[in-house]
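# Structure at a glance
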Amino acid sequence: MNETTDQGEEPAEAPQPDPKPEAKPEPTWAVVATVREPTELVLAFVAHHLELGARKIFIYLDDPDDPVRPMLKQTGRVKAIRCNDAYWNRVNGERGRPENQNARQAINATQAYRQAKVDYLLHLDADEFLHMARPFGEEVARLEDDDVWLRIPAVERCWLAGDRSEHIFSGVFRHPIKQAPRIARRIYGDKVAPFLANGLAGSSHGKPLVRTGHKVQLQVHAAKLPGKNNGWAPHKKATGLHVLHFDGLTPLHWAAKTLRYAEQGDEAIGSLLHDERARQVRHVRDNITNMPDLLRFFRMITGLTPDQARALTEHGRLSAMKIDPEAAMRRAFPDFEADFSFRAFDLKLGAENAKRLMQKIAANKAA
């Protein structure tokens, strides 16, 4: 029997603790890429980002007959879109397929953004792989209410002196050296520095992770929002996420891409590429006549001498970030046989690239 008070009332119940607030659900994200690469690379790209936690991967096939499509359809978390004439007429009207690859990427990414049923969409190339040193949710929590996107810094794969590994995902990663061109020139010297943008042979702009629900246009490296900052949407910079850029999965892969750019006129080169990359292409076009010299040039701008590696380390600009897209691919696509060696990858570069490389080799023999 319960005791009563002198007034005959029941004693007051002990105060109960406040209920714990419900945990916020983890933010969801997807990836979009426009691809025209060997099957192994595309499958590794997809598998890596699915394992990191992407809810959806949008793959736009720049070659509408790309043989990777049936394999991508094996998983419901990948949407593979064939960029054929009917597609371009639908999304770009009578203008059809843009000649400029950056324009094609921007249109495709914006199409994916409009249909992505996630909180964030990340725009990447097939030779770029997200690395997480901090949980995704912690990074995006840094965005304020007015911020539309998070700029994920790019780091670039390069090779230390004496590194003879021939796996397409080998190497170390150098970070951009921004706001300090004198440091970059002191590290790389007058022979190499003019070919590097903020210390990178490729782009140093990073990639956009964009919050959905806005009327934005995705670009290769940013997001545009009409009426904001001359069109550029407000954003923050990530600190625990990086894009690992394998700019040329193999030396021949880089050579083929560079020769493709070199076939175009100066105006196209200038519009597609940043100044230092355009300088690389024009140097190859105007000064290099044979394959050995072309590959030596590649090693000159992507290899690191011991002094360069030491200086980058002292400035905190060299990292050994580890990812294993090959293992992820074998788990996601166990029936696909793949070889990620330089030699095997080079054999899959395609007829167009093979023709460019053979022409350069033939020029070497004729010289």
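One structure accompanies this document, and this report is about it. (Residues numbered from 1 in each chain as written. Predicted model: local features only at pLDDT ≥ 70, side-chain atom pairs only at ≥ 80, totals over all residues. Heavy atoms only, no water.)

Moving on, we get to the side chain of serine 204. Its place among the elements puts serine 204 in the loop between helix H6 (181–192) and strand E9 (207–211). A distance of 2.9 Å separates polar atoms of two side chains, one belonging to serine 204 and the other to asparagine 198. When sequence neighbours within four positions are dropped, the list of residues in contact with serine 204 reads Pro176, Lys178, Ala197 and Asn198. (Helix = DSSP H or I, 4+ residues; strand = E, 2+ residues; numbered from the N terminus. Polar contact = N/O pair within 3.5 Å; in protein donor to acceptor, adjacent residues only side chain to side chain. Contact = heavy atoms within 4.5 Å.)

This part is about the sheet that holds E9. Strand pairing within a sheet occurs via backbone hydrogen bonds; the two strands may be parallel or antiparallel. Read from one edge of the open sheet, seven strands run E3-E2-E1-E4-E9-E6-E12, paired in mixed fashion. Since the sheet does not close on itself, it has two edges, and those belong to strand E3 (78–82) and strand E12 (235–237), each with one partner. When strand polarity is set aside, the average angle formed by the axes of neighbouring strands in this sheet is 20 degrees. Here strand E6 (residues 149–152) pairs with E12 via three bridges, running parallel. What sits directly across from leucine 150, in E12, is lysine 236. On the sheet, helix H1 (residues 39–52) packs against strand E1 (29–35), strand E2 (56–61) and E3 and is oriented at approximately 170 degrees with respect to E1. (Pairing = 2+ DSSP bridges. Axes fitted to C-alpha atoms, helices over the stretch in contact; angles between N-to-C directions.)

Inspection of the entire model under this criterion finds 20 salt bridges. Glutamate 156 is the partner of arginine 174 in a salt bridge, and the nearest nitrogen-oxygen pair spans 2.7 Å. Of this pair, arginine 174 sits in strand E8 (residues 172–174) while glutamate 156 sits in strand E7 (residues 154–160); the two residues are 18 residues apart in sequence, bridging distant segments of the chain. Take glutamate 156: its relative accessible area is 2%, and that puts it in the buried class. Lysine 257 is paired through a salt bridge with aspartate 247; the nearest N and O atoms lie 3.4 Å apart. You can see lysine 257 sitting in helix H7 (residues 251–262) and its partner aspartate 247 sitting in the loop between strand E13 (241–245) and H7, a full ten residues away along the chain. There is no split in this pair, since lysine 257 and aspartate 247 are both buried. Taken together, the shared-partner salt bridges in this structure form one network comprising Asp266, Arg282, Arg285 and Asp286. (Salt bridge = Lys/Arg side-chain N within 4 Å of Asp/Glu carboxyl O. Buried < 20%, exposed > 50% of the residue type's maximum accessible area, 1.4 Å probe, protein only.)

Positive phi is not limited to glycine here, since asparagine 198 has a value of about 55 degrees. Here asparagine 198 is to be found in the loop between H6 and E9. For asparagine 198, a relative accessible area of 32% translates into the label partly exposed.

Quick look at H1 now. Under the 1.5 Å per step criterion, the end-to-end length of H1 is 20 Å for 14 residues, consistent within 8% with the ideal 20 Å. With twelve of 14 residues buried, H1 lies mostly within the body of the structure. Taken together, the buried positions of H1 are occupied by Thr39, Glu40, Leu41, Val42, Leu43, Ala44, Phe45, Val46, Ala47, His48, His49 and Leu50. Downstream of H1 by one or two residues, glycine 53 has phi in the positive range, about 125 degrees. (Expected span 1.5 Å × (residues − 1).)

The topology assignment puts aspartate 266 in helix H8 (residues 266–272). Linking aspartate 266 and valine 281, residues 15 residues apart in sequence, is a C-alpha distance of 9.8 Å. The contact partners of aspartate 266, leaving out residues within four places of it in the chain, are Arg282 and Arg285. Of note is the side chain of aspartate 266, whose polar atom sits 2.9 Å from the side chain of arginine 282.

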